[in-house]
Amino acid sequence: DNPDEDLTPPAYVAQTAQLTLASDVIEGQPVQIIVAQWQVDENQQMRDNSPCYASINDDYLTTYRNEAYGIFDPQLRQCQVRFVMPDYKPSGTYSLNFVKMIDQALNETGVYFTDPGHTLRQEDAVVDELPQQIELITSNPDLQAPELDLNAIQISAQPTNPSEPNGETEVTLTFNVRDDISGYRRADYYLRDPQGISHYFYQADELHAVFSTGDVTAWKNHTKTIILPVGSPPGRWGLSEMTVYDRAGNFIGHDFTEVVHFVVTDGTEILDSDADGLPDAWERANNLNPADPADALIDGDSDGLTSLQEYQAGTNPARQDSDNDGLIDGAEIAEGFDPLDSNSFPSWMMPSRGGWRVILQQR
């Protein structure tokens, strides 16, 4: 029995929401601040850390909502959330569409001032109250989504324990992004496993910084390495979706289903990442590239056999004559002999001291 039990969520006090403009200096640059405030009716105590949340939207459907957590003033019984609005943010009318309050017992209430167009959570409600609005004017608005170089996406995978693979796999994604004004902020992406289940990951540079560093208009390489856990489904995985965002909230999504693949192994199957018929381990052992299907068709030792034919025959792709019987592998196979048996050779050849000699037969 807990006499301090709190089952009552905090409540929004009707008609108290407001938006105002302020100014500040962040990271050495002047910025405007949109301040959202509203009164809260809480019977005990609000949560200490980030008890208040709000989201505002601009006039552009192509930009993501602006969202932030804020503080609660117990004397005024008021939530306050500050939105940092640098000059790269779009000019226009911003509307307070949603607020949320969380108390110390983790009871929470969400309030929509406009119908969100989706099913509400049990703790949320739409109030009969027009959303507060405010006009923002900026000098260098960024209205263009960042650009992802679709020809420079690379993904690789290596088991963390190659000698005894168990599904735990290091996966590295690299890609290039550039932007026009505000700079790249984040990429969300999904990896689809062989069972068709998508797994969410993200990559971010200076996620909480307001301003990007360097030349944001130049292509910049980004890398994200994650570890898939033990027991990850073995087989062919794929990069199925990727969305990149800039700091102004512009974003663009791409669908890569069945385009960018990598392989996870648990030791029960032979890995062939590039699907060229050559196992990855065999390619690495013979200085070939497991990610390049073209190397299956090369004849690295000029013996008349491609890499794939060498693998299928069991011969050495770096030696013309694998069994050292004096006849190159390709010719021996063409004559119907075993390129791995030094005693298997045509009748017109016979060994001699220091090498081989050809016996010419008169017809």
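Residues numbered from 1 in each chain as written. Predicted model: local features only at pLDDT ≥ 70, side-chain atom pairs only at ≥ 80, totals over all residues. Heavy atoms only, no water.

### Quick notes on the overall build of the protein chain
Put simply, the rule is: Think of it this way: any DSSP run of H or I at least four residues long counts as a helix, any run of E at least two long counts as a strand, and we number them from the N terminus. Exposure categories follow from relative accessible area, calculated using a 1.4 Å probe and restricted to protein chains: below 20% of the type maximum is buried, above 50% is exposed, and the middle band is partly exposed. When checking whether two residues touch, look at their non-hydrogen atoms; a contact exists if any pair is within 4.5 Å. We get accessible surface area from the Shrake-Rupley algorithm with a probe of 1.4 Å; when it comes to residues, only the shown protein chains can shield them.
Along the backbone of the protein chain there are three helices and 20 strands. In the protein chain, buried positions account for 42% of the 363 residues. A separation of at least 24 residues holds for 59% of the contacts in the protein chain among residues at least 6 apart in sequence. Of the accessible surface of the protein chain, which amounts to about 19,800 Å², a share of 48% is contributed by carbon and sulfur atoms.

### Describing the confidence of the model for the protein chain
So the rule is basically this: pLDDT is defined as a per-residue confidence score from the predictor, taking values between 0 and 100.
This prediction gives the protein chain a mean pLDDT of 88; 90% of its residues lie at or above 70. Across the protein chain, the element-wise mean pLDDT spans from 46 in strand β20 (residues 355-358) up to 98 in strand β6 (residues 78-85). A low-confidence stretch, residues 352-363 stays under pLDDT 50, and its non-local contacts, those more than four residues away or across chains, total 15 contacts.

### Quick look at the nonpolar core
Short version of the rule: Remark: nonpolar core denotes a set of buried residues (Ala, Val, Leu, Ile, Met, Phe, Trp, Tyr, Cys) joined through side-chain atoms within 4.5 Å.
Core analysis: the largest hydrophobic core is formed by 25 residues, its most contacted members being I34, W38, C79, F83, L96 and M101. Put simply, the parts of the chain that give this core at least two residues each are β3 (29-41), β4 (52-57), β5 (66-73), β6, β7 (92-102) and β10 (133-136). If we skip the residues at most four places from it in the chain, F83 touches Q32, I33, I34, A36, A54, S55, I56, N66, E67 and A68.

### Thoughts on the pairing of β4
Where we set the bar: At least two bridges found by DSSP between two strands is the condition for calling them paired.
When you tally the buried positions in β4, you get five out of six residues, the bulk of the element. Relative to β5, β4 is paired through five bridges, and the arrangement is antiparallel. The partner of C52 across the bridge, within β5, is G70. Direction of pairing for β4 relative to β7: antiparallel, over a ladder of six bridges. Paired with N57 across the two strands is S95, which belongs to β7.

### Examining the packing of aromatic side chains
Defined as follows: Two aromatic rings from Phe, Tyr or Trp, using only the six-membered ring of Trp, form a pair when their centres are within 6.5 Å; if the ring planes differ by under 30 degrees the pair is stacked, by over 60 it is edge-to-face, and anything between is tilted. Note on geometry: a ring has a charge over it if NZ (lysine) or CZ (arginine) is within 6 Å of the ring centre and within 35 degrees of the ring normal.
Counted by the stated rule, this structure contains 10 aromatic pairs. For the ring pair F175 and Y184, a centre distance of 6.3 Å and an interplane angle of 75° mean the geometry is edge-to-face. For the pair F175 and Y184, a shared accessibility class is recorded, and that class is buried. Taken together, Y53, Y69, F98 and Y112 form an aromatic cluster joined through their ring pairs. The positively charged end of K100 is found above the aromatic ring belonging to Y53, 5.3 Å away from the centroid. Residue placement shows K224 over the ring face of Y202; its charged tip is 5.4 Å from the ring centre.

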